[in-house]
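# Examination of the molecular architecture
Here's the letter readout for the chains.
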Amino acid sequence: MGSNVLYIEDNPDNMVLVKRALEARGYTLLEAVNGLSGVTMAETREIDLVLLDINLPDIDGYEVARRIRNSGKSRLTYMPIIAITANALKGDAEKALAAGCDVYMSKPINIRELWARVEAFVPSPNAPENSV
Ligand code: MN
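The structure presented is a predicted model; accordingly, all values stated were derived computationally and were not measured. Sequence order as written defines residue numbering, which begins from 1 separately in each chain. Given that this is a predicted model, residues contribute local features only at a pLDDT of at least 70 and side-chain atom pairs are listed and counted only at 80 or more, while totals for whole chains, interfaces and linings are drawn from all residues. Excluded from the side-chain calculation are hydrogens and water; included are all heavy atoms of the structure.

### Topic: the coordination of the manganese ion
Applied cut-off: Counted as donors are the N, O and S atoms within 2.8 Å of the metal, or 3.2 Å for Na, K and Ca, while water is not among the atoms, so some sites may look incomplete. For each residue, the accessible area found with a 1.4 Å probe, counting protein chains only, is set against the maximum for its type, and the residue is called buried under 20%, exposed over 50%, and partly exposed in between.
Taken together, the protein ligands of the manganese ion are Asp10 (OD), Asp53 (OD) and Asn55 (O), with distances of 2.0 to 2.2 Å. Along the chain, the residues donating to the manganese ion fall in the pattern D-x42-D-x1-N. Among the residues examined, aspartate 53 registers a relative accessible area of 2% and is labelled buried.

Quick look at the structure:
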């Protein structure tokens, strides 16, 4: 089973934080710094899960989620998408789910929550049950 996570995020600090956290658990992080390149990478690379920022410099995360879901590829119809929202009080979370995301997390990113959310879909390569 693969363990490639695509993170679509324009904030370099969040990218570094998440990269370190997920690589510590054995995942491989692929990086996209805007929405359009994120959609392209989801369509063309071997991805097992998408982490999706909502506030992006080109198309927003809702549109990214809709394009991934509507790409016509069954692999992308069921790809886990975790939205990372900054404005929970403004309804980002509900809009993210309506756009096709599976779950959402709020910023600031909590590393333990991140691990738990990701592992719920894609087991960590470093988890004890996977080592012999
Ligand atoms: Mn952003």
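### Remarks on the sheet that holds strand S1 (residues 4-8)
Put simply, the rule is: What makes two strands pair is DSSP finding at least two bridges between them. Here a strand is any run of E in DSSP of at least two residues, a helix any run of H or I of at least four, and the numbering for each starts at the N terminus. In this description, a line fitted to the C-alpha atoms serves as the axis of each element, helices being fitted only across the stretch in contact, and the angle between N-to-C directions of two axes falls anywhere from 0 to 180 degrees. Throughout, a contact is declared for two residues whenever any of their heavy atoms are within 4.5 Å.
Spatial ordering of the open sheet is given by S2-S1-S3-S4-S5, a layout of five strands whose pairing is parallel. Pairing within the sheet leaves two strands with one partner each, and these edge strands are strand S2 (28-32) and strand S5 (103-106). Looking at each pair of strands side by side, their axes are set apart by 20° on average, direction ignored. Alignment of strand S3 (residues 49-53) against strand S4 (residues 81-85), held across four bridges, turns out to be parallel. When the sheet's bridge partners are listed, valine 50 is paired in S4 with isoleucine 81. Helix-sheet contacts for helix H1 (residues 12-24) involve S1, S2 and S3, and the interaxial angle to S2 is about 165°. Strands S1, S3 and S4 of the sheet are contacted by helix H3 (residues 61-69), whose axis makes an angle of about 155° with S3.

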